[in-house]
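Structural characterization, general
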Amino acid sequence: MMAINLGTRGVAEALELQEYANHPSGTTLSDQRIAHGDKTPFGINLWCLGNEMDGPWQTGHKTAEEYGRIAAETARAMRQIDAGVELVACGSSSQAMPTFAEWESTVLQETYDLVDYISLHAYYQPTDGDLDSFIASAVDMESFIENVVATADHVGARLKSKKKINLSFDEWNVWYTADWEEQTRNADPADWPEAPRLLEDNYSVMDAVVFGSLLIALLRHADRVTVACLAQLVNVIAPIMTEPGGPAWRQTTFFPFAQASRHGRGQVLDVRVDSPKHETKQYGEADLLHATAVRGEDGSVTVFAVNRSRTESLPLHVGLNGLDVTSVVEHSALADADPDARNTLADPARVAPHGVDGTALQDGTLTAVLEPLSWNMIRLA
C-alpha cells in the first residue's frame, strides 16, 4: 500500500506519483524512476487516498465534505490511468473521534462507487491503571469494525448499490502514547538529531496478550477486514527491536504475530463463544475467553484463544464435530507468573511461548486449560 498526500497536495501530484511508480517508460517521471535505478515499475496496486484526514493534527486537515470531494476526484483520475487499482478512502482515526460515523457516511456518499475500502486506525494502552479494560481492548476493536461495516452498508443501501465496501485496518497496535507525548513535551525544539530513537515501547506479557486478542478480533471479521497492517514492524512500537551495529531480538508481541501469520491462513470459522464474563470500567461486561479458529487448506484446524482473567485458569471445551480432525499437534501458550515480564537487550529470551500438557481431543471435543492472562495457539491435524 502506498499513501497519497491529499493534505497539502492533490489530484495532479497523485497522478505524478502513480506515473513515477507504475508507468513502464517513455514519460518524464517513469524515465526519472529508471534514471534513479529502478528500470522495472514498482507495480503498486493498492493506494490510500490520504492519511487520517479527519485529524486536526494533520497538515491540510479537511472536513468530511472537503475530503470526500478531493478523494473522489483523485480516485476517478487514478482509475482513468489504471482501471484495476484498488483504493482506500480515509475513515476515522479512532472510534473516539467526535466525527466518527458521520465522517464515514459523508466520505462514502462521495466515494462509494470509486473506492474499494474504508480505513480504520486504533491503538490501545492502559489508562489510569485500569488493566481489566486494557486487557479487553479487542471489545472496542470489534465494536469499531462492526460500526464501520454498519455505516458503510447503510450508505450502500441509501445509494441502492449491490457493492460492499471492505475495511482496511491499516494501523493498529498497543502503543503507550502517553510516553510519546511526554517525550515530545520535553524535546528541545532546536535539536534536530539524525535518526532519533522514538517510540521504542518495550512490550510486556500483558501487552502481548492484548496484542493477540486484537489479532483474534481481526480474524473474526475477516469477511470484511480484508487488509490489516500492524504499525510498525522494527523498533518503532514494533515486535522486533534492533541496536545500531548490534543484535536484533524479539519482543513479546512478536510471538502471537508470528503464530497467527504462519497458522492463521485458510478459512476463518464462525466460532461462537459461551464464556464467563467480568466487568470492565470502559467496556462493561467482557468475555473472559476470546477465541477464533482457522481451517487450513489441508483440513487442519488452528484455535487461537486468549484468557483475559489475570488470576484464574480457564477450562476450554471446543466442539469440532464435522471438521475431521483427529489429533492435537501442539498447544503453546504465552503466559508468565510476572505479567510485566519483557524481552530486553540484556535478556532477549526472557519471554517465549511454552508447551502446554494435557490438551486432548476425544469424540470431536477439544479440552484444554488456559493459563491466567495467556495467549494460546492449539493446532489440530
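Report on the accompanying structure. This structure is a prediction, so every number in the text was calculated from the model and none was measured.

Before going further, it helps to spend a moment on the packing of aromatic side chains. Taken as a whole and judged by the stated rule, the model has nine aromatic pairs. Arranged with centres 4.8 Å apart and planes meeting at 80 degrees, the rings of Y123 and W175 form a pair that is edge-to-face. You can see Y123 sitting in strand β4 (residues 117–124) and its partner W175 sitting in the loop between β5 (166–174) and α7 (177–185), a full 52 residues away along the chain. With relative accessibility at 23%, the residue Y123 sits in the partly exposed group. Among the residues examined, W175 registers a relative accessible area of 16% and is labelled buried. When the ring of W172 is compared with that of F211, the centres are 5.0 Å apart and the planes differ by 40 degrees; the resulting orientation is tilted. Of this pair, W172 sits in strand β5 while F211 sits in helix α8 (residues 205–220), and the two are 39 residues apart along the sequence. Like F211, W172 is buried. Clustering of aromatic rings is evident, with ring pairs tying together F100, F144 and F169.

Now for the packing of helix α3 (residues 64–81) against helix α4 (residues 102–111). One can describe the packing of α3 onto α4 by two numbers: an axis separation of 8 Å at closest approach and a directional angle of 30 degrees. Here α3 lies roughly parallel to α4, going by the angle between them. In the packing of α3 onto α4, the handedness of the crossing is right-handed. Contacts between α3 and α4 pair A64, E65, Y67, G68, R69, A71 and A72 from the former with W103, T106, V107, E110 and T111 from the latter.

Conventions and cut-offs
- Residues numbered from 1 in each chain as written.
- Predicted model: local features only at pLDDT ≥ 70, side-chain atom pairs only at ≥ 80, totals over all residues.
- Heavy atoms only, no water.
- Phe/Tyr/Trp six-rings, centres within 6.5 Å; stacked < 30°, edge-to-face > 60°.
- Helix = DSSP H or I, 4+ residues; strand = E, 2+ residues; numbered from the N terminus.
- Buried < 20%, exposed > 50% of the residue type's maximum accessible area, 1.4 Å probe, protein only.
- Axes fitted to C-alpha atoms, helices over the stretch in contact; angles between N-to-C directions.
- Parallel < 35°, antiparallel > 145°, perpendicular 65-115°, else oblique.
- Left-handed = near helix turned anticlockwise from the far one by under 90°.
- Contact = heavy atoms within 4.5 Å.

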